[in-house]
Amino acid sequence: MQVHVSYSNPVPLYRQIVDQIREKVLSGELAPGESLPSIRQLAEQAGTSVITTKRAYSELEAEGIIVTRAGLGSFVADLDAERLKAIRMRALRGRLSEIVADARASGVTDEEFLRLVREAMR
Amino acid sequence: MATATATARAATMARGSGAADAPALMLSGVGKRYPKFELRDVSFALPRGYIMGFIGPNGAGKSTTIKIIMNMVRKSTGAVKVLGLDHVALETEVKRHVGYLGEEPHFYEEVTPAWLGGFVGKYYPTWDARLYKATLERFGIEQSKRVKTLSKGMKVKLGLALALSHRPELLILDEPTSGLDPVIRHDVLAELMSVIQDERRSVFFSTHITQDVEKVADYVTFINDGRIVISDVKDDVLARWKRVSFPLPLRPEARSASDPAGLEAGVAEARAKVEQAMRGALGRAFAAYKIDGLTFTGITCAFSEDVAREVGHLAGTRPRVLPVSLDDILVAIVRGSEAC
């Protein structure tokens, strides 16, 4: 499993790792039950600190995407279609609220924003 | 009870790791007075299994601190514990478990790496000659070439191989990457990451090249003028320090003023309003700021949603918040602002 982080990306490093692993799970590149590299292995491979990687794994655990078994390591959780859908929806909601905040901050009204969404969906 | 403790202690010593749950390195209130420089109240701790980057400008006290840890310079005050052991009272024990690479390693120039391994290895009960040979091979250093034929980068790698081959639990490196080309710097950093694959092993390294710390370090400690300014989890430091910018809050009539004088007066008014706010409570969250034309840019060391909201209130719009590098933080610290 390859994870690449960018130090010039304003998104915090642990979030970059979370987003990439979540995406790999959602796309099926990582299958349910598949084992993940250890925190230290992933840190070495991605060139990030151990604490950053640890934070990313805790976040993924909190989201229910991975599970960690003491002494065995971390695995992709057993996710059924319904759970996968819920995770995808949550990820989309997160991205959307950022866009909405952006739009509001730059003076775009909610009506204008909704029009943009409808246009994009056409 | 006393016997049980003694047995446990003996077992710990036999395994050679000092007190197993003690931090890899702990300094408390360490001081050293020189005629023209003083190291004051240096305190920080590095938990086991992690990498700490020790950052500061030249002359800040990085090397002095490291030499104190290694008992090459005698401290005036304070305590230093390495793997839970006093660094002076148990110096021999401590040094068996520490790998050290000084700022400018001096080797006998006429000898070969193979000879050096034999020489250094005699001092360490845990010396692993096979590991030394394998590390040299991995680093591309010929065992039988004389040291004087090696480049600076190769000498640093040789020093690293020598420091690693007794399988130390704590690696202490003084400016290991300084003056190296990017490829060798990368190799050295990769080596540090591979050391802590074993979660009982730790690395402490000083540098003025903050990019190196930005990548591999779990903890950062900033030193300036002999004093510790920050010592914390790197990710937490980077979450607190942010660059914040916003356009000056011009009143609508100034924005739409048709004459340049009206606009100028509006800008001066907005500028004064921002400067006044910066002299107040909000200003204490900022290490530095500047107003360039119509844009405010500041570096805060206490970023939070509250600060963002307060700045937003002042600016009349949500400010842009961007990450800063450890370099930016170092510059802000050295420039010495009152706040932060």
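Residues numbered from 1 in each chain as written. Chains lettered and ligands numbered in written order. Predicted model: local features only at pLDDT ≥ 70, side-chain atom pairs only at ≥ 80, totals over all residues. Heavy atoms only, no water.

Draft legend 1. Examining the overall build of chain A more closely. When helices and strands are tallied, chain A shows five helices and two strands. Helices and strands appear in chain A in the N-to-C order α-α-α-β-β-α-α. With the C-alpha coordinates of chain A rotated into their principal frame, the extents come out at 55 × 35 × 20 Å. Every one of the 122 residues in chain A was classed for burial, and the buried ones make up 31%. Sequence-distant contacts, at least 24 apart, represent 50% of the contacts inside chain A between residues at least 6 apart. With the model as given, the accessible surface of chain A reaches about 7400 Å², and the carbon-plus-sulfur share is 54%. (Helix = DSSP H or I, 4+ residues; strand = E, 2+ residues; numbered from the N terminus. Buried < 20%, exposed > 50% of the residue type's maximum accessible area, 1.4 Å probe, protein only. Contact = heavy atoms within 4.5 Å. Areas by Shrake-Rupley, 256 points an atom, 1.4 Å probe, with all protein chains shown as cover.)

Draft legend 2. Structural context of the domain arrangement of chain A. Residues and elements named next belong to chain A. Segmentation of chain A into domains returns domain 1 (1-79) and domain 2 (80-122). Relative to domain 2, the C-alpha centre of domain 1 lies at a distance of 25 Å. Domain 1 puts 10 residues into the contact, and the matching count from domain 2 is nine residues. When domain 1 packs against domain 2, the two sides together hide about 760 Å² of surface, and 58% of this comes from carbon and sulfur. Three residues, Leu26, Glu63 and Leu79, lead the burial of domain 1 against domain 2; their summed loss comes to 68% of the area buried on that side. (Domains from an automatic or database assignment. Buried area = accessible area lost by both parts, 1.4 Å probe.)

Draft legend 3. Local environment of helix α12 (residues 305-315) of chain B. Residues and elements named next belong to chain B. Of all the residues in α12, the buried ones are Val307, Ala308, Val311, Gly312, Leu314 and Ala315. The arc that holds the buried residues of α12, viewed along the axis, is 160°, so those residues lie on one side. Away from the buried face of α12 by more than 90 degrees, exposed residues Arg309 and His313 are located. Where the residues of α12 are buried, they touch β11 (242-247), α11 (260-279) and β12 (286-292). The first or second residue beyond α12 is Gly316, which carries a positive phi of 75°. (Arc of directions from axis to C-beta.)

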